[in-house]
Each structure stands twice: as C-alpha cells, then as structure tokens.
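# Analysis of the macromolecular model
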Amino acid sequence: MKEENRKYAKEAFDIVEHAALNIGSRLPGSKNERKFHDYMADKLREIGITPKQEEFAVSPRSGIGGLPYAGYFGIIMSLLIYFALDNTYLWYLMAFAGIIFVVWLVSCCFLYKTWLDMFFHREISTNTYGELVPEDGKYDYTIILSGHTDTSWCWKHSEHASLDKDKPLKGVIATYGKVGFGAVCVFLVVGIAIAMAVIYGAAQIPVTLAYEQSAFGGGFTADWASNMYKWAEAIMNRNSFKIFHVVLYVLPIITAIGSSFVAMWNDKNEQNASRGAMDNATGIALSYEVIKYFKENPDKMPKNCRIVDLNVGSEEPGLRGSMAFTRAHKNDDLTENAWNINIDSVADKDYFEVVIKDDWQGCRFDADLERMFKETFNELEIPSKSKNHCIHNPVGGCDSTPMTRAGIKSVTFAAQNPMLTYYYHTFHDMPDRFDVDTVGTGFDVVLGVIEKIDKFQQEIGFNGPQKK
C-alpha cells in the first residue's frame, strides 16, 4: 500500500468495522441493510455530495436465497413416492410439480430471472448513489464505483467447515460433498417422478385412444397410441422394472436425507447471517473513499469525467439492485458512456484478481478493463495465487452482469480466495480476519485503473463492452 493513501485506507477499514460490528448482518430488504444505506448517504453528505436513494421491491427467497426450498421439495417428493406406489395417478401430479420446480430452479436460482418474484414474499430494498462532477460541470463519460450493501444468509455447511479451517481442503470436500449429494438426490426424485408418469401415462392414455380409434379414423393417432402402449407394457414386464419397484421402498429414505442437506444450505435466522466485512463492506468502503479522494483532490480528477459512488442493494438474492439501477437509468446519461468498477470483497491479500465472466449468467465482462486491472497489478507488484490475476465466477453472479448487459464497460475487482472458505457467506466474515494494508492495496489498484481509463478515453474514447 502507498503510504500517501494510508489515510483513505484507514477510513475505509473504519467503515468496514462499523458495518460488521455496529450494524451487523444486512440481509436483502432488511432494516439493517437500509441502516447501512442511510449511513453511507450521511458519509456522502459529509463530503458535500448529495445522495440519491431509489427504492425497489425485492423477493429475497425467489432466487438463490430460496435454495433451501429445493431441499424441502426433495424431501416431500421422497415421501410421496410411497403413496405413488399404491396410486399411480399420483405420479402425474408429482411430475407436473417437478417440471414447475425445475423451471423455477433454473430460471430464478441459476439464471437470476425475475419472472416468478411476484409469487414470493417481498421486501423494499434501496440503491444509494452520489455524483461528483468536474468543477465546470462538463463531462463526456462516467465512472461508476459500485459495491453491494447486503449480506448473505449463513451457509451452514461452510460455517461447519470452520472446524477444519486449518485443513481447508477437508472443509471444502465435506461441504461440496454434502451439497453435491443432496443436489443429486433432489434431481433424482424429480427424474423418477417424470419417468414413472411417462411410463404409466403411456400404459393408460394411449390404450384408451387405441380403443376409440374410430374417432380418429384408425389413422396415425391410433397407431401411435398402440405403439406407446406396447412400449410401456414391455417396460413394466421387465424384471428390472419390478426390481426398481422394490428399490423405491428404500431409495426415498436416502433421497430424503440427501435433500435435507440442501434444505439446510442457508439459515433463515437473521442473527446467524453473514456480518459482511469482506463481502461486501470492503467494496462499499473503497468506492466511497475513492470518490472522497477525488473530491479532496480535484486536480487529480480524470479529464471530463463524472464519478459516481453507487451503493447497490440486494445483490445476494440475484443481482436485484444492479438490475433495478440499470432499468431505472436506461434512458439517462448514468448508463451512457459509462465505465463500472464493481468492487466485491477485498480482503485476502494473496488473491488479488479481476473477475471477467459470470459462467452461469453467460456474461463476459469488458476486456479493456480486464487488461487495465492486470497491468495495474503488475505495476504495483501485487502477487496472486490466482492464475494471471484472473478468474471466472463459476456459480452465481456479480453486479457486473446487469451493468454489461446495459452497455456499460464493467468488470469485478476482488481479493478473495476463490475456494469455498469457512468465512464466505457465514458469520465468520469479520474484520479481524484481514487488515488495513490489504484494503489500502485495493484502494491503490482502483486509482491506478482510473488513471488508465482516463488515458483510454482521451486516446480512443468510449467503445462499449469489449470481448476477447
């Protein structure tokens, strides 16, 4: 960390400590999340920047926050198998429910779509931002510094891995093992329900159509129905199918146990939720300190540039705050000719990295910003165990995805061990785990990247999100 920036690093760490120790957990749409927004709004006022707050509705459990529902669903489906063995019509209901479940799981939990939000309990969340414009009021482009205010529900399996924090690999294997086994069990019972519904449906419905073939003139429909009936009859007469029927008296016990691991994935208790020191009070604090730095040093402002400090609400349930921000400003200049440095978790000094893609969301972030971050890491001689200071986000998503899709040049900057650790999304995410110097190094990195954005704008101009 550069000594001349220690003042800002110390102030950033003070914000992190206040968020984690005084405010505490900040679940999406909660009173504590709003309290943190109001606190940061006051911080902006302290430096002469007028904050703006925009409310939006969020359904915390409609997306990834609702993953425990998948576990409960697996348990219920496992129990229903016993009733379906005596009542084959129940398979149809189970198959229909299974299809609806998969649609919700894939669209809302994996892809972060908002299609089904209206069917879940809703809260009010907030985006808070402040703008710093040049002294003459003229600007050609905008740099948005963003972080998210909310914290995650406590991931029970990760927290339990704290017992093996001196053997992190053991904790990761145990966590992924339980959740992976549970996921297999949930999808297995859904698959069984659909398969049994198809088999019994082929055995019952097509034969009726075949019997009434006069209504169809004895054509294609009757032939198809007859073939389907013969196919189903052949399957049900196989010894393997009869053995499978016997297995179904035992298998639901196993799938119910596995599903319970998914059901306990995150704890709904707000008292056990993450305190969010690393994830993501660090991002909020660094965004604020950078805008404060330029407010106090106007001679160092990028030429013809407006800088925005954006405190994003409700990132954890599926990027709801950044989605709301880009939708609210799609027709104004906040998203026009804009660069976004999204800061998400700067605490692990051995893992400074730029996140360049959300794999689940299928979104590749800006290649120009990626290059700028890597050049800055090298200039500051920052080591990293991450390959080439670069990672993909393999699961979930980050706020760079809605920004990129809105035409904003964006990447996410982090200093976080990419392995599933005992302090990630648990109440162990506290400020005593890292130090001022690591946060200060993050401050130096952001300033270095802004210098490169300034140079890029003067030489090339805004060119929109770029992919390799």
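Overview of the structure. Computed from a prediction, not measured in an experiment: that's the story for all the values here. (Residues numbered from 1 in each chain as written. Predicted model: local features only at pLDDT ≥ 70, side-chain atom pairs only at ≥ 80, totals over all residues. Heavy atoms only, no water.)

## A look at the packing of aromatic side chains
- For the coordinates displayed, the defined rule picks out 25 aromatic pairs.
- With a centroid separation of 5.4 Å and an interplanar angle of 75°, the aromatic rings of Tyr 8 and Tyr 293 are classed as edge-to-face. With Tyr 8 in helix α1 (residues 6-23) and Tyr 293 in helix α10 (residues 277-296), this pair connects stretches of sequence that are 285 residues apart. Judged on exposure class, the residue Tyr 8 and its partner Tyr 293 are both buried.
- Classification of Tyr 8 as buried rests on a relative accessible area of 5%.
- These aromatic residues form a ring-pair network of at least three members: Tyr 69, Phe 73, Phe 101, Trp 104 and Phe 120.
- Lying across the ring of Tyr 423, Arg 433 places its NZ or CZ 3.5 Å from the centre. (Phe/Tyr/Trp six-rings, centres within 6.5 Å; stacked < 30°, edge-to-face > 60°. Helix = DSSP H or I, 4+ residues; strand = E, 2+ residues; numbered from the N terminus. Buried < 20%, exposed > 50% of the residue type's maximum accessible area, 1.4 Å probe, protein only. Lys NZ or Arg CZ within 6 Å of the ring centre and 35° of its normal.)

## Describing the state of the cysteines
- Tallied over the entire structure, the rule returns zero disulfides.
- Cys 185 takes part in no disulfide bond, and the closest cysteine sulfur, belonging to Cys 109, lies 18 Å away.
- Judged by relative accessible area, Cys 185 falls into the buried class, the value being 3%.
- Cys 390 takes part in no disulfide bond, and the closest cysteine sulfur, belonging to Cys 398, lies 12 Å away. (Disulfide = S-S within 2.5 Å.)

## Quick word on helix α14 (residues 436-459)
- If you check α14, its first and last C-alpha atoms are 35 Å apart, about what 24 residues at 1.5 Å a residue would give, namely 34 Å.
- The element α14 is extensively covered by neighbouring structure, given that 19 of its 24 residues are classed as buried.
- Between the side-chain oxygen at the start of α14 and the backbone nitrogen of Asp 437 there is a gap of 3.4 Å, and the oxygen is on Asp 435.
- Count one or two residues on from α14 and you reach Gly 461, which has phi positive near 90°. (Expected span 1.5 Å × (residues − 1). Polar contact = N/O pair within 3.5 Å; in protein donor to acceptor, adjacent residues only side chain to side chain.)

## With respect to the pattern of salt bridges
- The tally for this structure, following the rule as stated, stands at 21 salt bridges.
- We note a salt bridge from Glu 131 to Arg 306, for which the minimum N-O separation is 3.0 Å. Here Glu 131 is found in strand β2 (residues 123-132), whereas its partner Arg 306 is found in strand β6 (residues 305-312), with 175 residues between them in sequence.
- Look at Arg 306 and you get buried, because its relative accessible area is 2%.
- Measuring nitrogen to oxygen at the nearest pair gives 2.8 Å for the salt bridge that ties Arg 364 to Glu 370.
- On the accessibility criterion, Arg 364 (15% relative accessible area) is buried.
- Salt bridges sharing partners connect three or more residues here, namely Asp 366, Asp 368, Arg 371, Glu 375 and Lys 409. (Salt bridge = Lys/Arg side-chain N within 4 Å of Asp/Glu carboxyl O.)

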